[in-house]
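Residue strings, one per chain:
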Amino acid sequence: MPLPIIIAVVIVLAATAATAAIVLNWDKIVTQLKGKKIAILGARGVGKTTLISFLTTGCVPESSKQTIRSGNAKGRRFSLRELDLKIKDTRDLPGGPDAYAEWKELFDEADLVFYLLRIDKLVESDAEAENRVRRDMKQIESWLKELKDQRPLPRLFIIGTHGDLANPDLTTLPENEQGNYQDRIRALPIIQECVQRAGGSHNTKVVLGSMKSKEETEALVFGIFSQVESQS
Amino acid sequence: MSERYPELSFQAQSLDNLALDPMEVNGCPLEEKDEEERERLVQRIAQVSKSGTRVFSEGSISAFRLGNEFILEIPSDQKDSAGRIAPIICYGHVSRESEKSWPDEVVSAIRDFANRIGRGVSDQAAVRRGIEAVKKNWISRLWVRIKEWLSALGRKLRRHLALPSLSP
Ligand SMILES: Nc1nc2c(ncn2[C@@H]2O[C@H](COP(=O)(O)OP(=O)(O)OP(=O)(O)O)[C@@H](O)[C@H]2O)c(=O)[nH]1
Ligand SMILES: [Mg+2]
């Protein structure tokens, strides 16, 4: 049986993010993340292993390997700005569609599902990337339907990675242009379709960024956890 | 044409991370339409990886055993489009491992599969060490089982021999 990520969160600092425009209620976020199981899904090469490594070790791997068989990722504690996260053992799954049975096993146990996709490809309207996302989201939609009436549905996060490779580069845009660009990406038909298949915007959040460096990954993960509150 | 080995299966991930992942079961390549068989192979590999014992780890080569199933993960010489190590997995059952030629046959089978999908595996000596570890582990488990079986037999025999003397 796969052991998805179980997060136990401990507050270490004050309940406000000094630089955040919106004041976040960390108490509420902490409560909502406590003991939650996370499934990280997505196609080959989107960044699943990178994100799992960051969540379980606090580091972004320097060299990497295609995840051809699912593997154990030993969890441990790490600090993330206002949060001190304790991530337990998890599983890193392959991204090929032949692994859907394994995805489902993890999905069925998860409280939070992170579905990763490459925004650089979707901004370019890369048909192959769009088809794969559509295929994955159809699966997720059917698994959600199966789970309905059985237990509270997992919350979904559509996580856009490789923003640094998008044209224009999401990570180097001036702050005043960031919002518009992110809105444009969120408005892409394929992203809209993802949100709709995942149960609509009340159950699904879209977080965009990059995992090229540790700092960018930290910002992305911070962005994800900040959205936990607004989903309640 | 290179020889195919009926008792072994193989999987690799395409180097562009887009094309169909090459797979072979019992010497036959699996196409996109062979969905069920492809999923079954992935699930068996996952099961051995999740629940099996790691019997070998050297660099990026590792081997796992679960009962009489094993997997060997070997990096191919090629990197994928993201510059990542692109491994090959060999899955099989240990049934002929007592035959002297078995380790060499598995090494050749892995090399042949790699060649068929346009890859190479240079460090064949390390691959062989991995296979030897799979085999050794099986022999030591077999030995444990034989000992358990012998002691159970001994207990039964003792009970059987002791019974007549206990009866009136
Ligand atoms: N430039 C850039 N590279 C990234 C980003 N996220 C991940 N990568 C790199 O992309 C490659 C693929 O990332 P992985 O984490 O291995 O992807 P995966 O989803 O686990 O892929 P599979 O194991 O093949 O299913 C790695 O070389 C990562 O370093 C990103 O946001 N920007
Ligand atoms: Mg991976």
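See the structure shown above.
Below or above, wherever it landed, is the structure these notes cover. (Residues numbered from 1 in each chain as written. Chains lettered and ligands numbered in written order. Predicted model: local features only at pLDDT ≥ 70, side-chain atom pairs only at ≥ 80, totals over all residues. Heavy atoms only, no water.)

### Regarding the site of ligand 1
For ligand 1, the set of nearby residues contains 22 residues, the closest of which are Lys48, Thr50, Asp164 and Met211 of chain A together with Arg84 of chain B. With respect to ligand 1, the chains having nearby residues are chains A and B. In this structure, Thr49 of chain A approaches ligand 1 through a side-chain N or O atom, which is 2.8 Å from an oxygen atom. A distance of 3.2 Å is found between an oxygen atom of ligand 1 and a backbone nitrogen or oxygen belonging to Gly95 of chain A. In isolation ligand 1 exposes 650 Å². Once the protein is present, 90% of that is buried. Top contributing element to the shell around ligand 1 by residue count: helix α2 (residues 48-57) of chain A, with 3 residues. Within the shell around ligand 1, the residues separate by chemical class into 5 nonpolar, 12 polar and 5 charged. (Near = heavy atom within 4 Å. Polar contact = N/O pair within 3.5 Å; in protein donor to acceptor, adjacent residues only side chain to side chain. Areas by Shrake-Rupley, 256 points an atom, 1.4 Å probe, with all protein chains shown as cover. Helix = DSSP H or I, 4+ residues; strand = E, 2+ residues; numbered from the N terminus. Nonpolar A, V, L, I, M, F, W, Y, C, P; charged D, E, K, R; others polar.)

### Some points on the environment of Ile140 of chain A
All names here are of chain A. You can see Ile140 is positioned in helix α5 (residues 127-147). As a C-alpha pair, Ile140 and Lys104 span 36 residues in sequence and 8.3 Å in three-dimensional space. What Ile140 contacts, discounting residues up to four positions off in sequence, is Leu41, Phe107, Tyr115 and Leu156. (Contact = heavy atoms within 4.5 Å.)

### What to know about the coordination of the magnesium ion (ligand 2)
Residues and elements named next belong to chain A. Around the magnesium ion (ligand 2), the protein contributes the donor atoms Thr49 (OG1) and Thr67 (OG1), at 2.0 Å from the metal centre. Of the two residues, Thr49 is situated in helix α2 and Thr67 in the loop between α2 and β3 (71-73); the sequence distance between them amounts to 18 residues. Under the relative-accessibility criterion, Thr67 is labelled buried at 13%. (Donors = N, O, S within 2.8 Å, 3.2 Å for Na, K, Ca; no water. Buried < 20%, exposed > 50% of the residue type's maximum accessible area, 1.4 Å probe, protein only.)

### Points about the packing of aromatic side chains
Residues and elements named next belong to chain A. By the definition in use, this model includes 6 aromatic pairs over all chains. Both rings, one in Phe107 and one in Trp143, keep their centres 5.4 Å apart while their planes meet at 55°; by these two values the pair is tilted. Of this pair, Phe107 sits in helix α3 (residues 100-109) while Trp143 sits in helix α5, and the two are 36 residues apart along the sequence. Overall, the relative accessible area of 0% leaves Phe107 in the buried class. Ring plane angle 85° and centroid distance 5.4 Å describe the contact between Phe114 and Phe157, whose orientation is recorded as edge-to-face. (Phe/Tyr/Trp six-rings, centres within 6.5 Å; stacked < 30°, edge-to-face > 60°.)

### A few points about the packing of α3 of chain A against α5 of chain A
Residues and elements named next belong to chain A. Contact pair α3 / α5: the axes reach a minimum separation of 11 Å and the direction vectors enclose 45°. Classified by the angle their axes make, α3 and α5 are oblique. Along this stretch, α3 crosses α5, giving a crossing that reads as right-handed. Across from Tyr100, Trp103, Lys104, Phe107 and Asp108 in α3, the residues of α5 making contact are Arg132, Arg135, Asp136, Gln139, Ile140, Trp143, Leu144, Glu146 and Leu147. Taken together, the residues of the contact of α3 with α5 break down into 7 nonpolar, 1 polar and 6 charged. (Axes fitted to C-alpha atoms, helices over the stretch in contact; angles between N-to-C directions. Parallel < 35°, antiparallel > 145°, perpendicular 65-115°, else oblique. Left-handed = near helix turned anticlockwise from the far one by under 90°.)

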